[in-house]
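# Remarks on the overall topology
The residues making up each chain are set out below.
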Amino acid sequence: MNATSFTLLLGGTLAVTDRLRALTQGSRVIAADSGMRHALELNVLPELWVGDFDSSDAALIERFPSVERRTYPAAKAATDGEIAVAEAIARGATRLIFAGALGGERSDHALQHYLNALGLVEDGYEVVLTSGEEEAYPFAEDSELALELPKGALFSVLGFTTLEGLTINNARYPLQDFKLPFGSSRTISNIAEGPISVSLSRGRAMLLARPYDLSGA
């Protein structure tokens, strides 16, 4: 088991795919409120369950009597997901997998996961967000990201600031040392020619990949 890798079970949708199982294999697990339901699908037993438990019913709670629970008031200064992240870091995490971070009923929570992940990457943590079918990889300035994707898979680069020195390799629409204005859709819906790499000299960005969507092939 990799003691530095933590999977955080969050409240969004999650499909159990081969990529998800490979991504989370060997990691320790912390659940945030209703994200605990994903433990059943993944067949894992979290070491900690945190939250205000406003979205976890009694039946779910009764399924996991042996898991340590830490209950927080509903009126608190952080989301259940952010509390789970803090607990993982306190336990030595250097790699964080946000499982169930994309989609779901609360778009504000999904966007907050993106922002939290970008801040964590700047602090030196390795972070990936996943729904099982989609994956998001935050990266910051002066960095390079390599990702295994099948030929024809769709991916996008989302700029959270103006991006400078953006380079995309092994894609149908490559870029070299490109300046992407903030808010531009230029880098939406690219197509992988196989494993891709993306680098950036300045800015904050997210690579959003759909490994099982081969409609671009």
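Numbering of residues starts from 1 in every chain and runs along the sequence as written. Residue-level local features of this predicted model are given only where pLDDT is at least 70; pairs of side-chain atoms are given and counted only at 80 or more, and the full residue set underlies all totals for whole chains, interfaces and linings. Working from all heavy atoms in the structure, the side-chain values ignore hydrogens and water.

A few words on the side chain of His113. Put simply, DSSP H or I for four residues or longer makes a helix, DSSP E for two residues or longer makes a strand, and each gets a number counted from the N terminus. In this fold, His113 is placed in helix 5 (residues 107-122). Throughout, a contact is declared for two residues whenever any of their heavy atoms are within 4.5 Å. Contact partners of His113, with chain neighbours within four places excluded, come to Leu10, Phe98, Ala101 and Leu129.

It is worth spelling out the pattern of salt bridges at this point. Pairing between side chains of opposite charge can happen when their charged atoms approach one another. The working definition used for a salt bridge is a side-chain nitrogen of Lys or Arg within 4 Å of a carboxyl oxygen of Asp or Glu. All told, the structure shown has eleven salt bridges when counted by the stated rule. Two residues, Arg95 and Glu126, come together in a salt bridge whose shortest N-O distance is 3.3 Å. Highlighted residues: Arg95 in strand 5 (residues 95-99) and Glu126 in strand 6 (residues 126-130), separated in sequence by 31 residues. Close ionic contact of Arg210 with Asp213 constitutes a salt bridge, the shortest N to O distance being 3.0 Å. A relative accessible area of 34% places Arg210 in the partly exposed class. The network of salt bridges with shared partners includes Arg28, Glu47 and Arg91. We call a residue buried when its accessible area falls under 20% of the maximum for its residue type, exposed when it is over 50%, and partly exposed in between, using a 1.4 Å probe and counting protein chains only.

What follows concerns the nonpolar core. As a rule of thumb, nonpolar side chains are buried together in soluble globular proteins. Counting residues in hydrophobic clusters, the biggest one holds 27 residues, and the most contacted among them are Leu8, Leu96, Phe98 and Leu129. Counting residues per element, this core draws most heavily on helix 5, at five residues. Once you skip the residues sitting within four places of it in the chain, Leu129 turns out to touch Phe98, Ala101, Leu102, His113, Tyr114, Ala117, Glu134, Glu135, Ala136, Pro138 and Met206. Membership of the second largest hydrophobic core comes to 24 residues, among which are Leu145, Leu147, Leu163 and Ala209. Within this scheme, the nonpolar core is defined by two criteria: the residues are buried Ala, Val, Leu, Ile, Met, Phe, Trp, Tyr or Cys, and they are joined through side-chain atoms within 4.5 Å.

Each α-helix winds once per 3.6 residues, and so residues spaced three or four apart point in a common direction. The span you would expect from a helix comes to 1.5 Å times its residue count less one. Along its 16 residues, helix 5 runs 23 Å from first to last C-alpha, staying within 8% of the 22 Å computed at 1.5 Å per residue. All of the buried residues along helix 5 are Ala110, His113, Tyr114, Asn116, Ala117, Leu118, Leu120 and Val121. Where helix 5 is buried, its residues meet helix 4 (80-90), strand 5, strand 6, strand 7 (135-140), strand 9 (154-159) and strand 13 (204-210). Gly124 sits one or two residues past helix 5 and shows a positive phi near 100°.

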